[in-house]
Amino acid sequence: MFKKLTYNLLGVFILLIITTLTCCDGRHKLNKKPRQVFADNGMLTSFSERINYLPEHYSETITDTILNSGFKIHMKTYSDINSNVLNVKAKGNLEVKTFYRDAMADVSVQLNNHTIFNQTISKTFISKHIKEVSDGLQPYILKSIWIDDNNVSSKNSVSFNILFNKPETTTEYKSYLLTITTKGHYKITETTTKI
């Protein structure tokens, strides 16, 4: 009796497997285009766009400088993982989204072993001190900050050039000059630095 029941169960199981395999052969998708199959399954957007991040990972650069005038400068420039500028391009049916991560720079200036300036240089810092640039600076990213060569020998102040540019272009940029006095007072002005 158990032998007969086993054969019946085995027969039902084989019949179930054959039915399952013949029903899942994809015939209903045979006349559909791949794009339509992806759209029906909600997967079209994952194949129609590519997302890139530049830089891909966190990066930082640290620079320490001592000037003849007595100023000691410490700069740490790093990627801001939470802030970016989006650039979208269409390549055929593919939409390429590139997120250019913004950068920030922690700048510390010492004179006679006293810290006279310690700020984070970013779009927010510039916008806070020059009101008319707040919205105009949003599509730009911090490209570089460096000590101004024209003012390096001054004993009264130290100056930094700050450069922002639009991603994927070398002709659209904004530059600023940050001047810090020996008392720690600072002033930011927009310049026309040539690159």
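Look above for the structure.
Residues numbered from 1 in each chain as written. Predicted model: local features only at pLDDT ≥ 70, side-chain atom pairs only at ≥ 80, totals over all residues. Heavy atoms only, no water.

Student: Please explain the overall build of the chain as it appears in this structure.
Tutor: Regarding its fold elements, the chain presents four helices and nine strands. In the chain, the succession of helices and strands from N to C terminus is α-α-α-β-β-β-β-β-α-β-β-β-β. A burial count over the chain gives 32% of its 195 residues as buried. Once local pairs closer than 6 in sequence are excluded, the contacts in the chain between residues at least 24 apart make up 48%. (Helix = DSSP H or I, 4+ residues; strand = E, 2+ residues; numbered from the N terminus. Buried < 20%, exposed > 50% of the residue type's maximum accessible area, 1.4 Å probe, protein only. Contact = heavy atoms within 4.5 Å.)

Student: Teacher, can you tell me more about a nonpolar patch on the surface here?
Tutor: A cluster of nonpolar residues, Leu10, Phe13, Ile14, Ile17 and Ile18, forms a patch on the protein surface that exposes about 460 Å² of accessible area. Here Leu10 lies in helix H1 (residues 2–23). Overall, Leu10 belongs to the partly exposed group, its relative accessible area being 45%. (Patch = residues over 30% accessible without salt bridge, like charges linked within 9 Å, V, L, I, M, F, W, Y side chains within 5 Å. Areas by Shrake-Rupley, 256 points an atom, 1.4 Å probe, with all protein chains shown as cover. Salt bridge = Lys/Arg side-chain N within 4 Å of Asp/Glu carboxyl O.)

Student: Where do I start with the pattern of salt bridges in this structure?
Tutor: A side chain of one charge can pair with a side chain of the opposite charge when the charged atoms of the two come close. Enumeration according to the criterion identifies four salt bridges in this entry. In this structure, Glu60 and Lys76 form a salt bridge, with 3.9 Å as the shortest nitrogen-oxygen distance. Taken together, the residues span a long stretch of sequence, with Glu60 in strand E2 (residues 60–66) and Lys76 in strand E3 (residues 71–91) at a distance of 16 residues. Looking at Glu60, the relative accessible area reads 39%, which means it is partly exposed. Under the relative-accessibility criterion, Lys76 is labelled partly exposed at 26%. When the shortest N-O distance is used, the salt bridge between Lys89 and Glu168 registers 2.9 Å. Of this pair, Lys89 sits in strand E3 while Glu168 sits in the loop between strand E7 (157–165) and strand E8 (173–181), placing them 79 residues apart in sequence. Owing to a relative accessible area of 44%, Glu168 belongs among the partly exposed residues under this scheme.

Student: How should I be thinking about the sheet that holds E8 in this particular structure?
Tutor: Strands pair in a sheet through their backbones, by hydrogen bonds, and they do so in one of two ways: parallel or antiparallel. Here four strands make up an open sheet; going across it, the order is E6-E7-E8-E9 and the pairing antiparallel. Every other strand in the sheet has two partners, leaving strand E6 (141–147) and strand E9 (186–191) as the edge strands with one partner each. Averaged over all neighbouring strand pairs, the angle between strand axes comes to 20°, with direction disregarded. As judged from the nine bridges shared by E7 and E8, these two strands associate in the antiparallel manner. Paired with Ser157 across the strands is Thr181, a residue of E8. (Pairing = 2+ DSSP bridges. Axes fitted to C-alpha atoms, helices over the stretch in contact; angles between N-to-C directions.)

Student: Would you mind going over the side chain of Thr98 with me for this structure?
Tutor: Residue position: Thr98 is located in strand E4 (residues 94–111). Judged by its relative accessible area of 8%, Thr98 falls in the buried class. Residue contacts for Thr98: discarding those within four places in its chain leaves Asn52, Leu54, Val85, Leu86 and Asn87.

Student: Explain the side chain of Ser122 to me, please; I cannot follow it from the model alone.
Tutor: Inspection of the secondary structure assignment puts Ser122 in the loop between strand E5 (114–121) and helix H4 (123–129). Residues contacting Ser122, with those up to four places away along its chain left out, are Met104 and Phe164.

Student: What is the right way to read the packing of aromatic side chains from this model?
Tutor: Each aromatic ring pair is specified by the distance between its two centres and by the angle formed by the two planes. Under the criterion given, the structure shown has five aromatic pairs. Ring geometry for Phe117 versus Tyr186: centroids 5.1 Å apart, planes at 80°, classification edge-to-face. On the criterion of sequence distance, the pair formed by Phe117 in strand E5 and Tyr186 in strand E9 is long-range, its members being 69 residues apart. Residue class for Phe117 comes out buried when judged on its relative accessible area of 2%. Measuring from centroid to centroid gives 6.1 Å for Phe164 and Tyr176, while their planes differ by 80°, and the two rings are edge-to-face. One end of the pair, Phe164, is in strand E7; the other, Tyr176, is in strand E8, and 12 residues separate them in sequence. (Phe/Tyr/Trp six-rings, centres within 6.5 Å; stacked < 30°, edge-to-face > 60°.)

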